[in-house]
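# Structural overview
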Amino acid sequence: SSYLCSQSQHRPQAVAGAHVSRVVFEGLRAVGVEVAGQVVYAKEVLLSAGAIMSPPVLIRSGVGPLADLQRLGVEPVIDAPEVGANLQDHAYVPVKVTTRSPCIPAGTVEDGLLFAFFS
């Protein structure tokens, strides 16, 4: 996962490979993230961990079904019963393309994605 830090005055800086433990809230407003035990504050927080990894981050942050938060001993911020429900990750979506020019055969698999290269 990544996080955006607010040190850059001109544009946000994406930090790849950082493990975000939780989103930090002040009341109902997200004000930062916890990374490696340190809180990084920002004007805006965008969580983009996918269909599989977003729910655990949200639940650790206190956003999720109230019964689950209480059972896990997490202080509730927002009772959101939809968090962690109806997960649908689309890791493989085939796309078929017809071209007029020759192409390298599809089937090159890299990081779980299928690529077709066109000349």
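Look up: the structure comes first, before these words.
Rules and cut-offs
Residues numbered from 1 in each chain as written. Predicted model: local features only at pLDDT ≥ 70, side-chain atom pairs only at ≥ 80, totals over all residues. Heavy atoms only, no water. Patch = residues over 30% accessible without salt bridge, like charges linked within 9 Å, V, L, I, M, F, W, Y side chains within 5 Å. Areas by Shrake-Rupley, 256 points an atom, 1.4 Å probe, with all protein chains shown as cover. Salt bridge = Lys/Arg side-chain N within 4 Å of Asp/Glu carboxyl O. Helix = DSSP H or I, 4+ residues; strand = E, 2+ residues; numbered from the N terminus. Core = buried A, V, L, I, M, F, W, Y, C linked by side-chain atoms within 4.5 Å. Buried < 20%, exposed > 50% of the residue type's maximum accessible area, 1.4 Å probe, protein only. Contact = heavy atoms within 4.5 Å. Pairing = 2+ DSSP bridges. Axes fitted to C-alpha atoms, helices over the stretch in contact; angles between N-to-C directions.

### Some words on a nonpolar patch on the surface
On the surface, I52, M53 and L87 cluster together to form a nonpolar patch covering roughly 270 Å² of accessible area. Secondary-structure assignment places M53 in helix α1 (residues 50-60).

### Here's the deal with the nonpolar core
Membership of the largest hydrophobic core is limited to seven residues, which are A18, V20, V23, V33, V35, V40 and V57. Core analysis: the second largest hydrophobic core is formed by six residues, I59, V74, A80 and V83 among them.

### Overview of α1
For α1, the complete set of buried residues consists of S54, P55, V57 and I59. Those residues of α1 that are buried lie in contact with β3 (20-26), β6 (63-64) and α2 (66-72).

### Let's talk about the pairing of strand β5 (residues 38-41)
Both strand β4 (residues 29-35) and β5 contribute to a ladder of four bridges, which runs antiparallel. Paired with E34 across the bridge in β5 is V39.

### Focus: the environment of G73
Among the secondary structure elements, G73 is positioned in the loop between α2 and β7 (78-79). Classification of G73 by relative accessible area gives exposed; the value is 65%. Put simply, G73 and R60 are 13 residues apart on the chain and 9.6 Å apart in space, counted from C-alpha to C-alpha.

### Description of the sheet that holds β4
With antiparallel pairing, the three strands of this open sheet are ordered in space as β3-β4-β5. The open sheet terminates on both sides in strands that have one partner only, identified here as β3 and β5. Direction aside, the axes of adjacent strands within the sheet are offset by 35 degrees on average. The pairing of β3 with β4 spans six bridges and is antiparallel. Paired with V24 across the bridge in β4 is G32.

### Looking at the side chain of S54
Considering the arrangement of structural elements, one finds S54 in helix α1. Residue S54 is classed as buried on the basis of its relative accessible area of 14%. Sequence-distant contacts of S54, defined by excluding residues within four places in its chain, comprise L47, S48 and A49.

### Comments concerning the pattern of salt bridges
Pairs may arise between side chains of opposite charge once their charged atoms sit close together. Within the structure shown, the criterion is met by two salt bridges. One salt bridge in this structure joins R22 and E34, with 2.7 Å as the shortest N-O distance. Here the residue R22 occupies a position in strand β3, and E34 occupies one in strand β4, the gap between them amounting to twelve residues. Assessed through its relative accessible area of 29%, R22 is described here as partly exposed. In this structure E34 comes out as buried when scored by relative accessible area, which is 18%. A salt bridge links D68 to R71; the shortest N-O distance between them is 3.6 Å. With a gap of three residues between them, D68 and R71 both fall in helix α2, about one helical turn apart. Residue D68 is classed as partly exposed on the basis of its relative accessible area, which comes to 28%.

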